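Commentary on secondary and tertiary structure
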Amino acid sequence: MAGSHIVIPKAILKHFVDDQNKLYYYDLQSKTIKQGGAGTLNTQIGYYSQAIEQQLSATIETPIGKVIQVLEKGYRDLLVTKKMEMVIRAKSVQIIKNYVYALLTRSPQMARQVSENMIFRWLYSEQNFHDISFANGYRVAKEEAFLDAFQLTFIFCGANDEYILPMIGFCSFLYDNTEIIVVPLTKKIAAYFYKGKAFCQRIYVGAAEHIKKVNEVSVEQQLKSGQGFIASSNRELLDNLIGGEKNATDEK
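Quick summary incoming for the structure in this document. Quick caveat, the model's predicted, so the values are computed rather than measured.

**Focus on the environment of Gln 151**
In this structure, Gln 151 sits in strand β5 (residues 151-156). As for Gln 151 and Tyr 192, which are separated by 41 residues in sequence, their C-alpha atoms are 8.1 Å apart.

See below:
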């Protein structure tokens, strides 16, 4: 019996594997780098009910997978022609927003808060807490629609660079007074939500130093959470990022 993916769905994880369909991840609990697969990483049998699994598949995971197919074609075309002719429709933009809302409401922290605030929590199972946390939180997140205040673009990686994937599913930072949320969708493609004027709106291949900085911020913010994982198809890249961040922390 396959387990539920707790936060990051297989539709995303499968885009962070190597040529042998393996990925590497830093486990924050054991503080070691391990090898895993997109179908099993961060899963738990019965974490969500069948009804919630079906909702996640229909409204989040299948749609985001189709959007990624469009983005990957655009990326391949860009590498060949050096031109970006990809059109991202409003429906696809909303699908990416929904994926981010789901990331926020699938987090274990959210489920714990729900269980702690339940008046008659002893009447509910752990699965009930997980279901309620996602279903209610996702509905509220979509209603509040905080991402509607942001614009969206995409930045691709060059041949020798790639994004890593933190379990929280994104990182955020300020760039010259512009608020930016970076959501890695594949190891080569990330969605950039930005609020402010000091940011390039066009889709392009990012400089190596920029991709490196995004990865460093992703690692730093996941480590601050104290739990979860940081995944990559490249063990050496992951090892360097984790080692660098630990050294920086030791020096403070």
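Once the structure has been displayed, the description carries forward.
**Looking at the sheet that holds strand β2 (residues 23-27)**
Across the sheet, four strands lie side by side as β3-β2-β11-β6; this open sheet has antiparallel pairing. The two strands at the open ends of the sheet, each matched to only one other strand, are β3 (32-36) and β6 (165-166). Here β6 runs beside strand β11 (residues 229-232); their pairing, made up of two bridges, is antiparallel. Each bridged residue has a counterpart across the sheet, and for Leu 165 the counterpart in β11 is Ala 231. Helix-sheet contacts for helix α6 (residues 208-225) involve β2, β6 and β11, and the interaxial angle to β11 is about 150°.

**Some thoughts on the pattern of salt bridges**
Under the criterion given, the structure shown has eight salt bridges. Residue Asp 27 pairs with Lys 34 through a salt bridge whose shortest N-O separation is 3.3 Å. On the accessibility criterion, Asp 27 (16% relative accessible area) is buried. Lys 34 sits in the partly exposed class, given a relative accessible area of 31%.

**Things to note about the packing of aromatic side chains**
Ring pairs (aromatic) are described by centroid distance and by the angle formed between their planes. The final tally for this structure, using the stated rule, is five aromatic pairs. With 5.0 Å between their ring centres and 65° between their planes, Tyr 75 and Phe 156 make a pair best called edge-to-face. Of this pair, Tyr 75 sits in helix α2 (residues 50-81) while Phe 156 sits in strand β5, placing them 81 residues apart in sequence. A relative accessible area of 10% means that Tyr 75 is categorised as buried. Between the aromatic rings of Phe 134 and Tyr 138, the centroid separation amounts to 5.2 Å while the plane-to-plane angle is 15°, which identifies the pairing as stacked. One end of the pair is Phe 134 and the other is Tyr 138, both in helix α5 (residues 126-144) and four residues apart, which spans about a single turn. Given a relative accessible area of 0%, Phe 134 falls into the buried group.

**Considerations on the nonpolar core**
For soluble globular proteins, the rule of thumb is that nonpolar side chains tend to be buried together. Of all hydrophobic cores here, the largest spans 51 residues; its most connected members are Ile 8, Ile 12, Ile 64, Tyr 99, Val 183 and Leu 185. When residues in this core are grouped by element, the largest group, nine residues, is from α2. Sequence-distant contacts of Ile 64, defined by excluding residues within four places in its chain, comprise Ala 11, Ile 12, Ile 95, Ile 96, Tyr 99 and Leu 185. In terms of nonpolar packing, the next biggest core, distinct from the first, is built from 12 residues, Tyr 194, Ile 211, Val 214 and Val 217 among them.

**Re the packing of helix α3 (residues 90-105) against α5**
Where α3 contacts α5, the axes come no closer than 9 Å and their chain directions differ by 135°. Classified by the angle between their axes, α3 and α5 sit oblique to one another. Between α3 and α5 the crossing geometry is right-handed. Residues Asn 98, Tyr 101, Ala 102 and Thr 105 of α3 form the contact with α5, whose participating residues are Ser 133, Phe 134, Gly 137, Tyr 138, Ala 141 and Lys 142. The residue makeup of the contact of α3 with α5, split by class, is five nonpolar, four polar and one charged.

Here is what the cut-offs are and how they apply
Residues numbered from 1 in each chain as written. Predicted model: local features only at pLDDT ≥ 70, side-chain atom pairs only at ≥ 80, totals over all residues. Heavy atoms only, no water. Helix = DSSP H or I, 4+ residues; strand = E, 2+ residues; numbered from the N terminus. Pairing = 2+ DSSP bridges. Contact = heavy atoms within 4.5 Å. Axes fitted to C-alpha atoms, helices over the stretch in contact; angles between N-to-C directions. Salt bridge = Lys/Arg side-chain N within 4 Å of Asp/Glu carboxyl O. Buried < 20%, exposed > 50% of the residue type's maximum accessible area, 1.4 Å probe, protein only. Phe/Tyr/Trp six-rings, centres within 6.5 Å; stacked < 30°, edge-to-face > 60°. Core = buried A, V, L, I, M, F, W, Y, C linked by side-chain atoms within 4.5 Å. Parallel < 35°, antiparallel > 145°, perpendicular 65-115°, else oblique. Left-handed = near helix turned anticlockwise from the far one by under 90°. Nonpolar A, V, L, I, M, F, W, Y, C, P; charged D, E, K, R; others polar.

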